[in-house]
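Residues per chain are reported as follows:
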Amino acid sequence: MIQILQQLINGLSIGSVYALMAVGYSLVYSIMNFSNFAHGGVIMLGAYFGFFFVTLYKMPFWVAFFGAGICSMLVAVLVERVAYKPLRARNAPFLYFMISAMGASMFMENFVIATIGPTFRTYPQVFPPQPFNLRGIYVGRLDMVMFVISCISLVALVYFIEFTKMGKAIQATAFNPKASALMGINTDFVTIVVFALGGFLAGIAGVLFGMKYTVYPQIGSITIKSFIAAVFGGLGSLPGAVIGSFILGILETLVSGYMMSQYRDLISFSLLILILVFKPMGLMGKSSEEKA
Amino acid sequence: MLEIKDLHVYYGGIHALKGVSISVEKGEIVTIIGANGAGKSTLLNAISGIVKYREGSISFKGEPLPKLPHLVVKRGIVQVPEGRLIFANLTVKDNLMLGAYLRSDVNGIKRDLEMVYELFPRLKEREKQMAGTLSGGEQQMLAIGRGLMGNPELVLMDEPSLGLAPLMVQTIFKVIKDIKSMGKTILLVEQNAYKALATADRAYVLEQGRIVKSGRAQDLLDDPGIKESYLGVKVNNRG
Ligand SMILES: Nc1ncnc2c1ncn2[C@@H]1O[C@H](COP(=O)(O)OP(=O)(O)OP(=O)(O)O)[C@@H](O)[C@H]1O
Ligand SMILES: [Mg+2]
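Keep in mind the model is a prediction, meaning the values are calculated, not measured.

Asks: In this structure, what is going on with the overall build of chain B? I would like to understand it.
Replies: A tally of helices and strands in chain B yields 10 helices and 10 strands. What you see for chain B is a C-alpha radius of gyration of 18 Å, in line with the 18 Å of a compact globule of 239 residues. Viewed in the frame of its principal axes, chain B has a C-alpha envelope of about 60 × 40 × 35 Å. Expressed as a percentage of the 239 residues in chain B, the buried residues total 54%. When the accessible area of chain B is evaluated, it comes to approximately 10700 Å², of which 50% is carbon and sulfur surface. Averaging the coordinates of the 32 positive side-chain charges in chain B and doing the same for the 26 negative ones gives two points 2 Å apart.

Structure, rendered in structure tokens:
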């Protein structure tokens, strides 16, 4: 019993970081109807920003953390301006966006390999290693921090989307860009805001992810699991992305806890295929076409 | 107030507007009638900045009109689009408030919201309802109300009576007159030519991307050619 609870808590913790990443996929999908595969690259850069801010520049952790978020936000917006805006301007077919996203993603990965190198790097110990003892259940401090930060960020995001004017404009643009433009909404600016939000969350998720595991140039391809979570929940739906992420996180920790950890990714990708075949809308998705 | 000169719009190889010139004076209702595919929506979308025009000019209150949709709205021209295009996933109130997106005059917004609710009491009753659950007629009311929330000087209306029951059509045309009496100017596109001509001050007839006739709406109502092609009236041998 204790052990199940233990696994559940670990699952919630990693699931919450998946959620931070997954909402970025979902936000962009809801506005532009394509899966932004450059998102993984932004997450990877976020992990590196945080790493160098802490080690090289000796910044206090929280400064490095938010710094990484802001730098990643700028990168995400830059990717949008350079790789997608020109395509949007001439109504390019969907496939071009996919190719452009792949290109941006490969560029980021290889840029890091060329400049920083392919080696694995480990964050210094920021939080003391000894876990909390909650009535016999041990919760790592880092896991706790991951969970709390992620939840705060997600609540803030939902508040922004649901209760601010810009949030309503994002919802309106996701529903119908033409009608939104006719209301006086600058849909181009809304797109920038969406990439900025996704990029910031990607950056801080990258830092958390990098602290939990290690930092290396291909870390972005692992974050594809948050994409699976977003598809599982239903791309384009924020609650879907969050719920999908928690389910995936828990499923993964249970699998690696009770079976072999090698099965973990096998299960995740099988889940993706099963969803795409049997429930392409996901749990709460808005449309089924052109997801992957 | 609005002055369009020699406007040409292309969709790829399709030449949708072939040199359209029209003008709208302050306080008028001007209607553009024409068959399906004549280019009516294209003309309104060119004004709104939704479609780009290759040649020609559009000026508003003596100055060239910007070509980006949000800047056009900022200048005081709001379009109530064909098919309503309401935000079905948001509440009625949210839809109306999005109409006021560019405004920051809290009191003015409040006043206009009351004005819209007075015009369409049905919307007030359904304030918190998801807009997608409204009936067709109510959605048209919402689309018009949402447009008015932008406090426009010029309202562009694209087929507001489309797909509505006769009673609702009556209501909508009465509202159009009410909007005029608020001092707003209206450019109305319609397939319901009889109703449009009966409501408007002046009219243009658009055929295959060209203005083929124009004049006082009353005169066009009596025009034999118009009667035959647009009003479905058989005209006997003249003279
Ligand atoms: N996005 C588009 N791409 C290509 N052609 C288009 C597009 N929009 C309109 N057209 C074409 O341009 C012409 C004018 O279309 P428009 O929608 O302006 O007509 P309309 O007068 O509004 O017709 P309706 O009464 O059916 O609404 C038509 O031949 C139409 O097929
Ligand atoms: Mg039309």
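Asks: Looking at this model, I keep getting lost on the coordination of the magnesium ion (ligand 2). Mind explaining?
Replies: Coordination angles at a metal have ideal targets, namely 109.5 degrees for four tetrahedral donors and 90 or 180 degrees for six octahedral donors. Of the protein atoms, only S41 of chain B (OG) and E82 of chain B (OE) coordinate the magnesium ion (ligand 2), at distances of 1.9 to 2.0 Å. Of this pair, S41 of chain B sits in helix α1 (residues 40-48) while E82 of chain B sits in the loop between β6 (77-80) and α3 (92-99), placing them 41 residues apart in sequence.

Asks: When you look at the site of ligand 1 in this model, what are you seeing that I'm missing?
Replies: All names here are of chain B. Around ligand 1 sit 14 residues in total, of which N36, G37, K40, S41 and T42 are the nearest. In the environment of ligand 1, an oxygen atom lies 2.8 Å from a nitrogen or oxygen atom belonging to the backbone of G37. Within the contact set of ligand 1, an oxygen atom lies 2.4 Å away from a side-chain nitrogen or oxygen of T42. Looking at the shell around ligand 1, the elements with two or more residues in it are β2 (14-24) and α1. Tallying contributions element by element places α1 first for the shell around ligand 1, with 3 residues. Residues that form the shell around ligand 1 fall into these classes: 5 nonpolar, 6 polar and 3 charged.

Asks: Mind showing me how you'd approach the sheet that holds β6 of chain B here?
Replies: All names here are of chain B. Spatially, 6 strands are ordered β6-β7-β8-β3-β9-β10 in an open sheet, and the strand pairing comes out mixed. The sheet terminates laterally at β6 and β10 (210-216), the two strands that pair on one side only. Sheet twist, expressed as the mean angle between neighbouring strand axes with direction ignored, is 15°. Of the strands in this sheet, β3 (29-33), β6, β7 (154-158), β8 (185-190) and β9 (202-207) are in contact with α1, which crosses β7 at around 145°. Lying on the sheet, helix α7 (residues 166-181) is in contact with β3, β7 and β8; it crosses β8 at an angle near 155°.

Asks: I keep staring at the interface of chain A and chain B and nothing clicks. Help me out?
Replies: Accessible area lost on assembly of the parts is the figure often given for the size of an interface. Listed as interface residues are 17 residues of chain A and, on the opposing side, 22 residues of chain B. Interface area for chain A against chain B, summed over the two sides, is near 1800 Å², with a carbon-plus-sulfur share of 68%. Contact with chain B buries area across many residues of chain A, yet F175, L182 and M183 of chain A alone supply 37% of it, more than any other trio. Inspection of the chain A/chain B interface yields 1 salt bridge. A salt bridge links K168 of chain A to D94 of chain B, with the nearest nitrogen and oxygen atoms 2.9 Å apart. There are 4 residue pairs in polar contact (both at pLDDT 80 or more) connecting chain A and chain B.

Asks: Looking at this structure, I do not really get the pairing of β2 of chain B. What am I missing?
Replies: It is a general feature of regular strands that their side chains alternate between the two faces of the sheet. All names here are of chain B. Taken together, the 8 bridges between strand β1 (residues 2-11) and β2 define a ladder with antiparallel strand orientation. Looking at β2, one finds that L2 is bridged to V24. What sits between β1 and β2 in their antiparallel hairpin is a turn of 2 residues, with G12 showing a positive phi close to 55°.

Asks: Whenever I open this one, the side chain of Q171 of chain A confuses me. Can you help?
Replies: Take Q171 of chain A: it is sitting in helix α6 (residues 165-175). Contact partners of Q171 of chain A, with chain neighbours within four places excluded, come to I161 and E162 of chain A together with N89 and L90 of chain B.

Asks: Explanation requested: the environment of I33 of chain B in the structure shown.
Replies: Residue and element names in this part refer to chain B. Residue placement: I33 occurs in strand β3. Its relative accessible area of 0% is what places I33 among the buried residues. Note: C-alpha distance between I33 and E190 (157 residues apart in sequence) is 5.4 Å. The contacts of I33, once residues within four sequence positions are left out, are K40, E190, A193, A196, L197, Y204, V205, L206 and Y230.

Asks: Explain helix α10 (residues 224-233) of chain A to me, please; I cannot follow it from the model alone.
Replies: Three- or four-residue spacings in an α-helix give side chains the same orientation, since the helix completes a turn every 3.6 residues. Residues and elements named next belong to chain A. Of all 10 residues making up α10, 9 are buried, and the element is well covered by its neighbours. Three or more residues of α10 are buried, namely K225, S226, F227, I228, A229, A230, V231, F232 and G233. In the core, the buried residues of α10 are packed alongside α1 (2-32), α9 (219-222), α11 (238-258) and α12 (263-278). Following α10 by one or two positions, G234 has its phi on the positive side, about 110°.

Asks: Which parts of the structure should I look at to understand the pairing of β1 of chain B?
Replies: In terms of strand pairing, β1 of chain B meets strand β4 (residues 55-60) of chain B through 5 bridges, oriented antiparallel. In the sheet register, L2 of chain B faces β4 of chain B, and the bridge partner there is F60 of chain B.

Asks: Hey, could you run me through unusual backbone geometry in this one?
Replies: Note: most peptide bonds trans; most residues except glycine with negative phi. The phi torsion at N33 of chain A lies on the positive side, around 55°, for a residue other than glycine. Tracing the backbone through its elements, the reader meets N33 of chain A in the loop between α1 and α2 (39-55). For Q208 of chain B, which is not glycine, the phi torsion reads 45° and is therefore positive. Tracing the sequence through the fold places Q208 of chain B in the loop between β9 and β10. By relative accessible area, Q208 of chain B is classed as exposed at 63%.

Asks: Even after reading the chapter, I still don't get the nonpolar core, so can you show me in this structure?
Replies: As a rule of thumb, nonpolar side chains are buried together in soluble globular proteins. Formed by 96 residues in total, the largest nonpolar core has its most connected members in Y84 and I170 of chain A. The leading source of residues in this core is α1 of chain A, at 14 residues. Apart from residues no more than four positions distant in its own chain, Y84 of chain A is found in contact with M32, F34, N36, A38, V79, F97, S100, A101 and F195 of chain A. Among the nonpolar cores identified, the runner-up in size contains 47 residues, and A143, A196, L220 and Y230 of chain B belong to it.

Asks: It is not clear to me how the sheet that holds β1 of chain B should be interpreted in this structure. Could you clarify?
Replies: Across a sheet, paired strands are connected by hydrogen bonds in the backbone, their directions being either parallel or antiparallel. All names here are of chain B. Pairing in this open sheet of 4 strands is antiparallel, and the strands run β2-β1-β4-β5 from one edge to the other. Each edge of the open sheet is held by one strand with a lone partner, namely β2 and β5 (63-64). Here α1 sits on the sheet and contacts β1, β2 and β4; the angle it forms with β1, its principal contact strand, is near 110°.

Procedures and definitions
- Residues numbered from 1 in each chain as written.
- Chains lettered and ligands numbered in written order.
- Predicted model: local features only at pLDDT ≥ 70, side-chain atom pairs only at ≥ 80, totals over all residues.
- Heavy atoms only, no water.
- Helix = DSSP H or I, 4+ residues; strand = E, 2+ residues; numbered from the N terminus.
- Rg over C-alpha atoms; globule rule 2.2 N^0.38 Å.
- Buried < 20%, exposed > 50% of the residue type's maximum accessible area, 1.4 Å probe, protein only.
- Areas by Shrake-Rupley, 256 points an atom, 1.4 Å probe, with all protein chains shown as cover.
- Lys, Arg positive; Asp, Glu negative; His and termini not counted.
- Charge placed at Lys NZ, Arg CZ, Asp CG, Glu CD.
- Donors = N, O, S within 2.8 Å, 3.2 Å for Na, K, Ca; no water.
- Near = heavy atom within 4 Å.
- Polar contact = N/O pair within 3.5 Å; in protein donor to acceptor, adjacent residues only side chain to side chain.
- Nonpolar A, V, L, I, M, F, W, Y, C, P; charged D, E, K, R; others polar.
- Pairing = 2+ DSSP bridges.
- Axes fitted to C-alpha atoms, helices over the stretch in contact; angles between N-to-C directions.
- Contact = heavy atoms within 4.5 Å.
- Buried area = accessible area lost by both parts, 1.4 Å probe.
- Salt bridge = Lys/Arg side-chain N within 4 Å of Asp/Glu carboxyl O.
- Core = buried A, V, L, I, M, F, W, Y, C linked by side-chain atoms within 4.5 Å.

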